[in-house]
Structure formats: structure tokens, C-alpha cells
Amino acid sequence: MNIKNRIFAILLVFVPISIAGNFLHWDVTLVFLSACLAIVPLAAYMGKATEEIAVVVGPNLGGLLNATFGNATELILAYAALEEGLIEVVKATITGSIIGNLLLVTGLSMFFGGLRYKEQKFQPVTARLNSSSMNLAVAAILLPTTVQYTSAAIEESVLQRLSVTVAAVLIFVYCLSLLFSMKTHTYLYEVGDADLDQESGEAVSVKKPNLWLWVGILLLVTLGVAVESELLVNTLEEATHKLGLTTLFTGVILLPIIGNAAEHATAVRVALKDKMDLAVSVTVGSSLQIALFVAPVLVIAGYFLGQPMALDFDPFELVAVAVAVWLTNSISNDGRSNWLEGILLVATYAVIALAFFFHPAAA
């Protein structure tokens, strides 16, 4: 068992601790922090189970499974917040996941990989396609926000209907992107897929994983994530107030780091093995899934739940996303990376995180 797996195994102890704390009415801060720590290993095991099942069911169905469960933790967490009416937290989590993956995780991957290798390469064609897709995501957020701020008397229901329509377009584009990557242009993604197979386990060619065992694990950890997300959301507002944090900072910075911790570790680890194709696939692919699938699904879910979830983001969040997309695109378009470019991305994330920390948002 490597160090990462040992850490995740140790963190599992916070699952019963958080549940016990909730039933025993411990201080909300303790329940909140323990639920945060409990989600980290559960998200890791969800990703591991998905990878193992993908090995058994084949590349096409496996790719769809990975695409569906790639950000399941964030989706479950955001849905729990949506049910409680914490709309701003949901939007902040979407913003933070995109920013965190593009700047922090990609930056750390390029930095640590660049310390070991003078220059690392990845598919420039794929990078440009990802750039175009992220530009679409920014436009999809920008336009409903612009409609709201340029229309003095627009009704909330009209804005939500606009957002649902835009969400349908984004989901359609996301489905087409899956068709592109898994069917019509698979050759552009073959390097990353081969690396992923090696990363999932060298014994794959000798003995396939036990399908039903991993399906059971996937169901169990998904249930665990749902329970912990409920505990986290129920204690979020009071706990963050006691900790001196705003809900905006918590949603944009803290929650995405918790939900993406396993992916963060994976991206850095493969970058250290000079597999930057896979590292970029993990980080940028996750951001695209958040923007083109998770956010639209939450908008549609909000419509049916009677929650005013629309794509009208706070202008400050929108600027942060636009900066993250622009800088990542400018650095990655040439298909090469080095440690200095990684530092530039991480430094930008640090500046944005500080700006959100000092932002005078309501707690």
C-alpha cells in the first residue's frame, strides 16, 4: 500500500466520527470539519471503483462511466446544497471547481513535472479543442449574467428558463464531445488512455478486476458521499461563520479542494512520471465536465426542485473563471509545459483565492 492509499485509509475514520458527531450533537464546527475530511477518501475510492469497472466493461462503456462519475462527488455535494436552497454556495462550488482544476492542479502538475523534466509535452490539438470548449462555457455563463445586469426588470422565472435552455445546449455539446473523444477521433486521446490503463494497474492484462465487488464498492461510497454531503451542507453556514470564513470563500476555495483532492493527487503523480497528456486530461477534462455537464444538470434540477438556480453568476466569480480559462489556454495551446508556467498558474490561483478570502461577501 503506497503512501497515498494509506492516507486515504486513515481518513476513512472520519466517516463514523462525523456521523456520530451529528447524532450526539457535537459542535457544528467539528461535524463540518470531520465531514470535509471524510469526503476526501470516499471521493478517491469512488474514482478507483469507476476505473476498475471501466477495465472490465471495455473502453467505450468504460469511457462513458468515467465521464459520468468523474465529478460525481461535486455533483452530489452541490445537489445537497441545492436542496437546502444554498444557491450561492452551489454557484461558488461550480466556479471554484473550474478555477481549481485549471489553475491549481494544472499548475502543480506542470511545476512538479517540470522540476524532474526540463520540458514536458502533450497533445496541442487536444489542448486547442479544450480551449474552445472552455470558451463556450465562459460564454454560456457570461450571457445570462449580462442579460440580468442589462435588464432592469427581468423576472427570475424568465432568467431561469433562459438558463435551462442554455443548459440543454451545453449538455448536448458535452454529449457530442464524448462522441468525438470516444468514437470519431479516438486517436487524439489514445496516449492518455494508454497511460490511464497503466496507472490503473499493471496486472490488468493478467487478471481482470472483480466486477461485482467494485460495483458494490461504488454504490457504498456513493451512499457515503451523499450522507457526508448532507452533513456538510447542514453545518456549513454556522460552521463557516464560527471559523471566520464567508460562504463565498468556502464554496469557491474550500469545497472544491475537498471534492477534488483525489484527482489533484493523481494529476501530480502522473506528471512526475512524465505523463503530462494524462495530467492535462484529468485537470482540463474535469473542468470541462463541471462546465458542460455538472452545472447544466444542477440548473435543470433546480428548475424541477423549485429552486431559482440560474446561470447568472456573480460578476466577480465570472471574472475569476474568465481569467483562469484565458491564462490556461494561453499556456497550454503550444502543447508544452515547464515548471515556470506551472508557477504562473499556481500564483494566479493564489491571487484569486486571496481576493475571495478578503471579498466582503455575506457570511
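Residues numbered from 1 in each chain as written. Predicted model: local features only at pLDDT ≥ 70, side-chain atom pairs only at ≥ 80, totals over all residues. Heavy atoms only, no water.

1. Some details on the nonpolar core
Right, on to step 1. Val90, Ile94, Ile98, Ile99, Leu103 and Leu232 are the most contacted members of the largest nonpolar core, which has 84 residues in total.
Right, on to step 2. At 15 residues, the largest contribution of residues to this core is made by helix 13 (residues 276-305).
Right, on to step 3. Counting 13 residues, the second largest nonpolar core, distinct from the first, contains Leu65, Ala72, Val221 and Val225. (Core = buried A, V, L, I, M, F, W, Y, C linked by side-chain atoms within 4.5 Å. Buried < 20%, exposed > 50% of the residue type's maximum accessible area, 1.4 Å probe, protein only. Helix = DSSP H or I, 4+ residues; strand = E, 2+ residues; numbered from the N terminus.)

2. Some points on helix 3 (residues 28-57)
Right, on to step 1. A rise of 1.5 Å per residue sets the reference length of helix 3, with its 30 residues, at 44 Å; its end C-alpha atoms lie 42 Å apart and thus fit the reference within 8%.
Right, on to step 2. Most of helix 3 is tucked away, with 21 of its 30 residues classed as buried. (Expected span 1.5 Å × (residues − 1).)

3. Observations concerning the UniProt feature "domain: Sodium/calcium exchanger membrane region" (unreviewed entry) in the protein
Right, on to step 1. The feature "domain: Sodium/calcium exchanger membrane region" (unreviewed entry), as annotated in UniProt, sits at residues 29-182 and 215-357 in this numbering.
Right, on to step 2. Within the segment residues 215-357, helix and strand shares are 84% and 1% respectively, and the terminal C-alpha atoms sit 40 Å apart. (UniProt positions renumbered as here; feature names shortened; annotations may be inferred.)

4. A short note on the packing of helix 10 (residues 211-242) against helix 11 (residues 247-259)
Right, on to step 1. Interhelical geometry of helix 10 versus helix 11 gives an angle of 125° and a closest axis separation of 10 Å. Overall, the two elements helix 10 and helix 11 adopt an arrangement that is oblique. Crossing angle aside, the handedness with which helix 10 passes helix 11 is right-handed. Contact with helix 10, carried on its side by Leu232, Leu236, Glu237 and Thr240, involves Thr247, Thr250 and Leu255 of helix 11 and no other residues of that element.
Right, on to step 2. Here the residues of the contact of helix 10 with helix 11 sort into 3 nonpolar, 3 polar and 1 charged. (Axes fitted to C-alpha atoms, helices over the stretch in contact; angles between N-to-C directions. Parallel < 35°, antiparallel > 145°, perpendicular 65-115°, else oblique. Left-handed = near helix turned anticlockwise from the far one by under 90°. Contact = heavy atoms within 4.5 Å. Nonpolar A, V, L, I, M, F, W, Y, C, P; charged D, E, K, R; others polar.)

5. Digging into a nonpolar patch on the surface
Right, on to step 1. A cluster of nonpolar side chains, Phe112, Leu115, Trp339, Leu340, Ile343 and Leu344, forms an exposed patch at the surface whose accessible area comes to about 560 Å².
Right, on to step 2. Mapped onto the fold, Leu115 is located in helix 6 (residues 87-116). (Patch = residues over 30% accessible without salt bridge, like charges linked within 9 Å, V, L, I, M, F, W, Y side chains within 5 Å. Areas by Shrake-Rupley, 256 points an atom, 1.4 Å probe, with all protein chains shown as cover. Salt bridge = Lys/Arg side-chain N within 4 Å of Asp/Glu carboxyl O.)

6. Digging into the pattern of salt bridges
Right, on to step 1. All told, the structure shown has 4 salt bridges when counted by the stated rule.
Right, on to step 2. A salt bridge links Lys242 to Asp27; the shortest N-O distance between them is 2.9 Å. You can see Lys242 sitting in helix 10 and its partner Asp27 sitting in the loop between helix 2 (14-23) and helix 3, a full 215 residues away along the chain.
Right, on to step 3. Judged by relative accessible area, Lys242 falls into the partly exposed class, the value being 47%.
Right, on to step 4. The residue Lys48 makes a salt bridge to Glu52 at a minimum N-O spacing of 2.8 Å. Placement of the pair is Lys48 and Glu52 together in helix 3, with a separation of 4 residues, close to one helical turn.
Right, on to step 5. You can call Lys48 partly exposed: its relative accessible area is 30%.

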